[in-house]
Amino acid sequence: MSESNKPVKPQLIQPRTLKGFRDHLPETMIPREQLIQTAREVYRSFGFGPIDTPTLEYLEILTGKGSEETDRQLYKFQDHGGRDVGMRFDLTVPLARFVAQHINELGTPFKRYHIAPVWRGENTQRGRYREFMQCDFDTIGTLSVAADIETGLVINALLASIGFERFTIHINNRQVLNGLLDKLGLSDQATPVLRSLDKLAKIGEEKVIAEMVQAAGTSEEQARSVLAMAALEGSNEEILQQLRLIVAGNELGEAGVDRLEQILTGMLAGGVPAERIKLDVSIARGLDYYTGAIFETFLDDLPDIGSVCSGGRYDNLAELYTKRQLPGIGASLGLDRLLAAMEELGMISNVKTTAEVLVTYFDKNALGKYLEIAANLRAAGLNVEVYPDAKKLGQQLKYADARGFAYAIIAGEDELARDTLQIKNLTTGESTEHPIASAASALSDMINKANA
RNA sequence: GUGGCUGUAGCUCAGUUGGUUAGAGCACUGGAUUGUGGUUCCAGGGGUCGGGGGUUCGAAUCCCCUCAGCCACCCCA
């Protein structure tokens, strides 16, 4: 064969995904969707309603605050009509626009949840992607401490419903910090001071002080005063007591401590176990738009993974878009972190099927019968898959086992002649024979018993 | 965005100072006297060594570029 007769290789396109963007296989999507479903149920149980907003917004909506960092991370381009547009990088800015636009239809208080992907063109790292889900809930239009308390209750309910028992909700109030900064004459440097303070756990006391002196222009003494407050330890009651002394004489600070106390007692009254709540003046979140309560939630068994649910109160959500003042409070569940934690803690089963029952395709002349059996089981509320090929039974069971099915239905010539089928429990290996007519209720009973 | 480390089958890796048809385990597919899985045994598919270019008689192995992953910084609205 000469060179020219060689078949031309088709030019394949290399299958790949963009940096920071991920595919999700069923085995990871199943727990992911379960988590989202749980969050949805918890949000709804408190009366939050679902909303959605467009992926793309006018660029000016997103760049409103216009920091350099925003510019660097924002995905932006011109659409076919020459409009400058950007992809949302969080759900809060779209919420602000949404609320400003619709508040008259919505009325206040307005409680919504929003579970949707956002995009940031930042450098990737473990757990940091360019496309990821946010899972937010917020209450807009009330300054009441009841909304602050409820935020804590929702956080508690979220984690408990997901299956965590050992976690701690750290609570702070920006007013306390601001009160102290006010007292120290550092009000104008609040943002850089708090940004440094937020790094306390990460880089240690001395470095934070150094950074405050250098970046925020405080004196070393001022920096130490801020640190002294952040380092307060003891029971929640003891911390409250010491805070009162520290901010004494400063109106803002005193009000902040009062508020903190109300949140604490409110959460206890709302059923949050005391050991899950920790007043922690050191958490400041890097975000300078928080003005009141701040929440961060850590898993006791995996504190290093960071906060899995964070949020806080902000005074004026929509000030860029409306003259109406709209205070709000809310928080966001860290979906990816939580899934990583659950994986690490062995809380995720390796079930790769969404159906619990596999109807085996045994007698190749009886497909119609199998489809009928499956339909009856589905009518009884079960998720059922019919194996598509009349392969050897052993292979079908192997498939069922590998995917994590709980039950297999086996009906060959013998059973069908008797109008019966076998229900095989794949966990125990036990097999029982039932009349086809009553199989659905028998199987439902078995599943209910197993779940009880 | 800056700096550093890494990149060999789906996964975890081996591959001697550059030398012939690139290997293992797991996973996958099929089989082991044709109605029952998770054990065992056998066989098989799958890689142009992330991609492109260069040095060389010869490169997975050296050099450059690029893409991707990880770590730190930055940042986390």
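The present account deals with the structure reproduced in this document. This is a predicted model, so every value here is computed, not measured.

To continue, consider the environment of His-434. Note on placement: His-434 falls in strand S16 (residues 431-435). With 67 residues separating them in the primary sequence, His-434 and Leu-367 have C-alpha atoms 19 Å apart. Sequence-distant contacts of His-434, that is, excluding residues within four places in its chain, are made with Thr-420, Leu-421, Ile-423 and Ala-442.

A few words on the nonpolar core. One finds Tyr-43, Phe-137, Leu-158, Ile-171, Leu-243, Met-267 and Leu-333 to be the most contacted residues of the largest nonpolar core, which totals 71 residues. Among the elements that take part in this core, helix H5 (residues 145-162) stands out by supplying ten residues, more than any other. Apart from the residues lying within four places of it in its own chain, the contact partners of Leu-333 are Ala-39, Tyr-43, Cys-135, Leu-158, Ile-162, Val-308, Cys-309 and Leu-338. Listed in part, the 32 residues of the second largest apolar core include Ala-355, Val-359, Leu-416 and Leu-421.

This part takes up the packing of helix H1 (residues 26-45) against helix H13 (residues 335-344). Packed helices, taken two at a time, are described by their axes: the angle between them and the distance between them. Across the interface, H1 lies against H13 with an axial gap of 11 Å and an inter-helix angle of 120 degrees. One way to sum up the angle between H1 and H13 is to call them oblique. For the pair H1 and H13, the sense of crossing is right-handed. Two secondary-structure elements touch here, H1 through Pro-31, Arg-32, Leu-35 and Ile-36 and H13 through Leu-335, Asp-336, Leu-338, Leu-339 and Met-342. For the contact of H1 with H13, the class distribution of residues is seven nonpolar, no polar and two charged.

On to the sheet that holds strand S14 (residues 407-410), then. Ordered in space as S13-S12-S14-S15-S16, the five strands form an open sheet in which the pairing is mixed. Among the strands making up the open sheet, the edge pair consists of strand S13 (384-386) and S16. Neighbour to neighbour, the strand axes of the sheet diverge by 25 degrees on average, direction disregarded. Relative to S13, strand S12 (residues 357-359) is paired through three bridges, and the arrangement is parallel. From the neighbouring strand, Val-357 faces S13, where its bridge partner is Val-384. Running over the sheet, helix H14 (residues 367-379) touches S12, S13, S14 and strand S15 (420-425) and is turned about 170 degrees from S13.

For H14, built from 13 residues, the straight-helix expectation of 18 Å at 1.5 Å per residue is met to within 8% by its first-to-last C-alpha distance of 18 Å. Listed as buried for H14 are Tyr-370, Ile-373, Ala-374 and Leu-377. Buried residues along H14 cover an arc of 100 degrees about the axis, so they all sit on one side. Tucked into the core, H14 has its buried residues touching S12, S13, S14, helix H16 (413-418), S15 and helix H17 (439-451).

Reading guide: rules and limits
Residues numbered from 1 in each chain as written. Chains lettered and ligands numbered in written order. Predicted model: local features only at pLDDT ≥ 70, side-chain atom pairs only at ≥ 80, totals over all residues. Heavy atoms only, no water. Helix = DSSP H or I, 4+ residues; strand = E, 2+ residues; numbered from the N terminus. Contact = heavy atoms within 4.5 Å. Core = buried A, V, L, I, M, F, W, Y, C linked by side-chain atoms within 4.5 Å. Buried < 20%, exposed > 50% of the residue type's maximum accessible area, 1.4 Å probe, protein only. Axes fitted to C-alpha atoms, helices over the stretch in contact; angles between N-to-C directions. Parallel < 35°, antiparallel > 145°, perpendicular 65-115°, else oblique. Left-handed = near helix turned anticlockwise from the far one by under 90°. Nonpolar A, V, L, I, M, F, W, Y, C, P; charged D, E, K, R; others polar. Pairing = 2+ DSSP bridges. Expected span 1.5 Å × (residues − 1). Arc of directions from axis to C-beta.

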